[in-house]
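Read off the chains here:
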Amino acid sequence: MKIVKRKIKDLIRAEYNPRKITKVQFQDLKDGIIEFGLVQPLVVNEKKERKNVIVGGHQRLKIWEDLGHTEVDCSIVNLPLDKEKKLNIKLNKNGGSFDDDLLQEFFDYEELIEWGFTPDELFIDLDNLDDTFNLPEGDKGNLEQ
């Protein structure tokens with residue numbers, strides 16, 4: 001894999017990119033980039049007829065640029081348009097889910113909420129609830145108070 005710095009002004013947003021995020025998701029992403037930096041490079045095509053087209057990372061690029069940066073790390077691919085589009089979808093189609101038991105065992109409820117989860121997204125087994133996963137009053141969603 002080749003990672004290179006590219007000038008943001010030279011990059012081309014993919015005209016077909018179907019990915020969109022909510023204002024809340026955008027702010028969560030921005031908060032993460034502000035705290036940790038841009039730890040995941042953009043994916044950019046170098047194929048002659050698709051040179052400098054962004055395959056993955058459109059939202060991250062917007063934030064990075066808004067933060068005043070003029071260059072960005074890019075993972076370079078060399079793909080024809082059909083493969084470029086397929087990779088775009090594969091990069092953006094997050095079909096995974098979280099293991100509720102591991103969330104409960106290893107993470108603090110308040111931190112998960114702070115990091116972007118909503119109470120309704122966190123399945124809580126009330127019978128096995130212990131001090132490692134306390135629900136604050138008023139934040140239990142549909143759960144019993």
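Structural data are supplied above this passage.
Residues numbered from 1 in each chain as written. Predicted model: local features only at pLDDT ≥ 70, side-chain atom pairs only at ≥ 80, totals over all residues. Heavy atoms only, no water.

As for a nonpolar patch on the surface
Thought 1: A grouping of L102, F106, F107 and W115 is seen on the molecular surface, where their side chains present a nonpolar patch of about 440 Å² in accessible area.
Thought 2: Of note, W115 is situated in the segment after α5 (109-114).
Thought 3: Its relative accessible area of 49% is what places W115 among the partly exposed residues. (Patch = residues over 30% accessible without salt bridge, like charges linked within 9 Å, V, L, I, M, F, W, Y side chains within 5 Å. Areas by Shrake-Rupley, 256 points an atom, 1.4 Å probe, with all protein chains shown as cover. Salt bridge = Lys/Arg side-chain N within 4 Å of Asp/Glu carboxyl O. Helix = DSSP H or I, 4+ residues; strand = E, 2+ residues; numbered from the N terminus. Buried < 20%, exposed > 50% of the residue type's maximum accessible area, 1.4 Å probe, protein only.)

A short note on unusual backbone geometry
Thought 1: The phi angle at N52 is positive, at roughly 75°, despite the residue not being glycine.
Thought 2: Within the fold, N52 resides in the loop between β2 (42-45) and β3 (54-56).

Brief notes about the packing of aromatic side chains
Thought 1: Applying the stated criterion across every chain, the model contains one aromatic pair.
Thought 2: For the ring pair F107 and W115, a centre distance of 6.3 Å and an interplane angle of 85° mean the geometry is edge-to-face.
Thought 3: For F107, a relative accessible area of 34% puts it in the partly exposed group. (Phe/Tyr/Trp six-rings, centres within 6.5 Å; stacked < 30°, edge-to-face > 60°.)

Structural notes on the sheet that holds strand β4 (residues 71-77)
Thought 1: Strand order in this open sheet of four strands is β1-β4-β2-β3, and the pairing throughout is mixed. At either end of the open sheet lies a strand with only one pairing partner, and these are β1 (2-7) and β3. Taken pair by pair, the neighbouring strands of this sheet meet at an average axis angle of 50°, ignoring direction.
Thought 2: Its contacts with the sheet put helix α2 (residues 58-66) on β2, β3 and β4, and the angle it makes with β3 is roughly 110°.
Thought 3: On the sheet, helix α3 (residues 81-92) packs against β2, β3 and β4 and is oriented at approximately 35° with respect to β3. (Pairing = 2+ DSSP bridges. Axes fitted to C-alpha atoms, helices over the stretch in contact; angles between N-to-C directions. Contact = heavy atoms within 4.5 Å.)

Observations concerning helix α1 (residues 23-36)
Residue pairs spaced three or four apart in an α-helix point in one direction, given the helix's 3.6 residues per turn.
Thought 1: Between its first and last C-alpha, α1 extends 20 Å over 14 residues, near the 20 Å set by a 1.5 Å rise per residue.
Thought 2: G37 sits one or two positions beyond α1 and adopts a positive phi of about 85°. (Expected span 1.5 Å × (residues − 1).)

Digging into the pattern of salt bridges
Thought 1: Taken as a whole and judged by the stated rule, the model has seven salt bridges.
Thought 2: E46 serves as the salt-bridge partner of K2, at 3.4 Å between the closest nitrogen and oxygen. Separated by 44 residues along the polypeptide, K2 in strand β1 and E46 in the loop between β2 and β3 bring together distant segments of the chain.
Thought 3: According to the relative accessible area criterion, K2 is partly exposed, its value standing at 44%.
Thought 4: Here R50 makes a salt bridge to E84, at a shortest N to O gap of 2.7 Å. With R50 in the loop between β2 and β3 and E84 in helix α3, this pair connects stretches of sequence that are 34 residues apart.
Thought 5: Judged by relative accessible area, R50 falls into the buried class, the value being 12%.
Thought 6: Several salt bridges share partner residues, and in doing so they unite E15, R50 and E84 into one network.

What to know about the environment of E65
Thought 1: Position of E65 among the secondary structure elements: in helix α2.
Thought 2: The class for E65 is partly exposed, based on a relative accessible area of 36%.
Thought 3: Sequence separation between E65 and I8 is 57 residues, and the spatial gap between their C-alpha atoms is 7.4 Å.
Thought 4: When residues no more than four places from it in sequence are discounted, the contact partners of E65 are I8 and R13.

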